Amino acid sequence: MDESIERLYPDLYGTPSEKVAAVTQVASLCTDIRVLEHVVQHNQLMSAFARLLEEDSNAEMSFIIGKILLAISTVADFHQVLANHRIGAILMRVIELELNRVEHRLETKSSGYCAFTTRQEHFLFICLSILHNLADNNATLRKMVKKGLIPIIGHCLQMKLGKSVMISLRLLKLSSIFEETVVEIATQGQKVISKLADLLNVTCVNIQSDVISILFNMSFLDQCLDIISKEEVHKFLVDNLRGEEELNLHAVSLVYHLSSKHENRQKFFAAGLSEYLIEAMKTEKKNEMNKALAGLLVNMTLNPLCAEYFVRNCAVDFVMSAVHDESNLDLTLQVLLKVGRNMSVWSRSLQCKIAQALEDQDLACLVGHVENPASYIDETQQRSLYWEQNFWNAHVSFLWSCTFRCDNEDVVVELVGILNNMTIDDLSAGNQWHNLMEDYNSDMMQFLKRTLDPNDYSVAPCCDDLKLELIVWLGELSQDKECSCWLVNVLEYIHRIFTQSFVRRKDDDMSIEILFFYEQLLLHEETRFQVIGGDGVIDAILLCLEEGSILGTAAAKCLILVEDCDRNHDGSLGEVGCYVREKRFALTNEDELLDS
């Protein structure tokens, strides 16, 4: 060791060739861990290596020193010694110098020229491997990131040797857990992400897996998610969902993140994702569903064409069978019901679009919502063919039954959410909503009481989400006159909720839905006076009128109906009607009255 040190200082002892011979001699001994320990403990020798690596321009010697330091870096116990000699910082400067040489070479050559020489790529591989070993310590890795590691890796991804690209990716994968890394990549624009997307075409599972993991970590930042979305990665990801298990796990997670954007859902549908999801949903039915797959199923069924594909491929029947099968885990069942809810939103929207198409005598509004608009409209007779599709009619009664007997609140929220989107055309032939009410009279009343009665302390209070969904459903049902006559039995619970709690929260969704429910009851002669005579209801609606928003608009509709409907036998305005008119006038002209 002492002889080698003497030859490493040319000004005093040795020539450049002697220095190369000295480090070569040390390198030949470093295959033995005992020698490595001796080298690491030899402070003067380590200092010489650090100085020569940073200052000497001899490529051969730098390469050999790099190999020695790489061997040392493979032992975690030696990392502190390397840190004491600032090896990480020196290596980053050495890499930057090599990259500057590459940039200079590029400037003097035509486009398409490979600027990295084979020698450079091998040397950079060694340098990056050392940094990768040191990066086992998160604190060390974070310091590297702050000192400019990410731009270095971005340039190194342009190398051609597979091992050089792979070590660059592994170092970037480790770094991508830090928010500052992702922000740094986002500030570089599309350059790094485009290169990563190109690497997906490399026929190496390890490279593809690392790239997908890196893109997944980046996708947590909206700016990076937008950039990734612009790359042509959608077909590759869908094609590889059935591939290698490791690749599949990463791909599902990335696809889930990308599916949060509307345009990506459309691209994934075009790439054939729906078929895979149908298979995966059925496979995971009785298992603890992968969370990324669960989120992906829910996101993708927000896409109308994907939702139609699901409905047409018996996904509704499958979801209902999952509800019937009590062995399913609650989380899996909730996910499947969310998928069912998205399908019900699609079918409800489809009926509205069919009505619009018939009115306009033009199928254009159905384009993008269904694959074949002509299959839903008889153009000869100008009538809807929706009822003939039989999407839900075999399941509506079952949904009612499950809703009333289920004890899991989260599941009930989704069940009621599905029922909110059902229409008369989703019922079987000859059935009406009031027929179902008659069939489930007792069960429904008990369910509504324990869910809506704020003064019922015999059961635990229900969550606001369930109450909101339930009131939305009652508003839909109350459009049927026979149903509204039955629903006045639960008006006292609705009044209490409205007057005691939610009216205090301005522009609250619950208050808006209650006002819609009131509006439907006011439209029917048989039920309007139960609303008008409700204790404190009119005053609560008047309070909502003060809001110049959706809540105020909903309140105004109800109050106009009260004025129109509250009449004496001679046609004059009734007591409540006069009160409402007076209050509305005062609120409308409050500013003018104050000025006067």
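In the block above lies the structure referred to throughout.
Summarised in this report is the structure supplied together with it. Keep in mind it's a predicted model, so treat the numbers as computed, not measured.

**Brief notes about the overall build of the protein**
The secondary structure content of the protein amounts to 36 helices and 2 strands. For the protein, the share of sequence-separated contacts (at least 6 apart) that also reach a separation of at least 24 residues comes to 68%. Of the roughly 27700 Å² that the protein leaves accessible, carbon and sulfur atoms contribute 48%.

**Some details on the packing of aromatic side chains**
The relation between two aromatic rings is expressed through the spacing of the ring centres and the mutual angle of the planes. By the definition in use, this model includes 13 aromatic pairs. Centroid distance Trp346 to Phe391: 5.7 Å. Interplanar angle 55°. Geometry classified as tilted. Placement of Trp346 in helix H23 (residues 330–360) and of Phe391 in the loop between strand S2 (383–384) and helix H24 (396–405) is noted, with a sequence separation of 45 residues between them. Residue classification places Phe391 among the buried positions, given a relative accessible area of 9%. Consider the rings of Tyr386 and Phe391, whose centres lie 5.7 Å apart with planes at 75°: the pair is edge-to-face. Within the aromatic cluster, the residues linked to one another by ring pairs are Trp400, Phe404, Trp433, Tyr440, Phe447 and Trp473. The ring centre of Phe125 lies 4.6 Å from the NZ or CZ of Lys163, which sits over that ring.

**Digging into the environment of Ala394**
Looking at where Ala394 falls in the secondary structure, it is placed in the loop between S2 and H24. Along the backbone, Ala394 and Asp317 are 77 residues apart, and their C-alpha atoms lie at a distance of 8.9 Å.

**Overview of the side chain of Gln334**
As for its placement among the helices and strands, Gln334 is situated in helix H23. Sequence-distant contacts of Gln334, defined by excluding residues within four places in its chain, comprise Asp410, Val411 and Glu414.

**Examining the pattern of salt bridges**
All chains considered together, the criterion is met by 19 salt bridges. The shortest N-O distance in the salt bridge between Glu414 and Lys338 comes to 2.9 Å. On the criterion of sequence distance, the pair formed by Glu414 in helix H25 (residues 409–420) and Lys338 in helix H23 is long-range, its members being 76 residues apart. Glu563 is the salt-bridge partner of Arg584, the closest N and O atoms lying 2.5 Å from each other. Residue Arg584 is located in helix H35 (residues 575–588), and its partner Glu563 is located in helix H34 (residues 550–565); the two are separated by 21 residues in the primary sequence. What emerges from the salt-bridge pattern is a single network uniting Lys338, Arg341, Glu414 and Glu469.

**Describing the nonpolar core**
Residues Leu196, Met218, Trp400 and Tyr518 are the most contacted members of the largest nonpolar core, which totals 200 residues. Examining the composition of this core, we find that 10 residues originate from one element, H23, more than from any other. Ignoring any residue separated from it by four or fewer positions in sequence, one finds Leu196 in contact with Leu157, Leu169, Leu172, Val211, Ile214, Leu215 and Met218.

**Some remarks on helix H3 (residues 33–41)**
Note on helix geometry: an α-helix contains 3.6 residues per turn, so any two residues three or four positions apart are oriented the same way. Among all positions of H3, only Val35, Leu36, Val39 and Val40 are buried. Angularly, the buried residues of H3 cover 135° about the axis, an arc narrow enough to put them on a single face. Turned more than 90 degrees from where H3 packs its buried face, Arg34 and Gln41 sit exposed. Of the surrounding elements, those touching the buried residues of H3 are helix H2 (16–29), helix H4 (43–55), helix H5 (59–73) and helix H6 (79–84).

**As for unusual backbone geometry**
The phi torsion at Cys314 lies on the positive side, around 65°, for a residue other than glycine. Tracing the backbone shows Cys314 in the loop between helix H21 (304–312) and helix H22 (315–324). Phi at Gln361 takes a positive value of approximately 55°, unusual for a residue other than glycine. Note on placement: Gln361 falls in the loop between H23 and strand S1 (377–378). For Gln361, a relative accessible area of 65% translates into the label exposed.

**Some thoughts on the side chain of Ser347**
The topology assignment puts Ser347 in helix H23. In terms of polar contacts, Ser347 uses its side chain to reach the backbone carbonyl oxygen of Ser344, at 3.0 Å. Look past the residues within four positions of Ser347 in its chain and what remains in contact with it is Tyr386 and Trp392.

**Observations concerning the environment of Asn420**
When you line up the elements, Asn420 lands in helix H25. Residue Asn420 is classed as buried on the basis of its relative accessible area, which comes to 6%. Separated by 55 residues in the primary sequence, Asn420 and Gly475 have C-alpha atoms spaced 9.0 Å apart. Look past the residues within four positions of Asn420 in its chain and what remains in contact with it is Arg348, Glu469, Val472, Trp473 and Glu476.

**Describing the packing of helix H19 (residues 273–283) against H21**
Taken N-terminus to C-terminus, the directions of H19 and H21 make an angle of 50°; their axes are 10 Å apart at the nearest point. Here H21 runs oblique to H19, going by the angle between their axes. As H19 runs across H21, the sense of the crossing is right-handed. Contacts between H19 and H21 involve Ser274, Glu275, Leu277, Ile278 and Met281 from the former and Cys306, Tyr309 and Phe310 from the latter. Of the residues assigned to the contact of H19 with H21, the class counts are 6 nonpolar, 1 polar and 1 charged.

**Comments concerning the packing of H24 against H25**
Remark: H24 packs on H25, axes separated minimally by 10 Å, with the N-to-C direction vectors making an angle of 150°. Once H24 is placed against H25, the crossing between them reads as left-handed. Between H24 and H25, the contacting residues are Val396, Leu399, Trp400, Cys402 and Thr403 on the first element and Val412, Leu415, Val416, Ile418 and Leu419 on the second. In terms of residue class, the contact of H24 with H25 is made up of 9 nonpolar, 1 polar and no charged.

How each quantity is defined
Residues numbered from 1 in each chain as written. Predicted model: local features only at pLDDT ≥ 70, side-chain atom pairs only at ≥ 80, totals over all residues. Heavy atoms only, no water. Helix = DSSP H or I, 4+ residues; strand = E, 2+ residues; numbered from the N terminus. Contact = heavy atoms within 4.5 Å. Areas by Shrake-Rupley, 256 points an atom, 1.4 Å probe, with all protein chains shown as cover. Phe/Tyr/Trp six-rings, centres within 6.5 Å; stacked < 30°, edge-to-face > 60°. Buried < 20%, exposed > 50% of the residue type's maximum accessible area, 1.4 Å probe, protein only. Lys NZ or Arg CZ within 6 Å of the ring centre and 35° of its normal. Salt bridge = Lys/Arg side-chain N within 4 Å of Asp/Glu carboxyl O. Core = buried A, V, L, I, M, F, W, Y, C linked by side-chain atoms within 4.5 Å. Arc of directions from axis to C-beta. Polar contact = N/O pair within 3.5 Å; in protein donor to acceptor, adjacent residues only side chain to side chain. Axes fitted to C-alpha atoms, helices over the stretch in contact; angles between N-to-C directions. Parallel < 35°, antiparallel > 145°, perpendicular 65-115°, else oblique. Left-handed = near helix turned anticlockwise from the far one by under 90°. Nonpolar A, V, L, I, M, F, W, Y, C, P; charged D, E, K, R; others polar.

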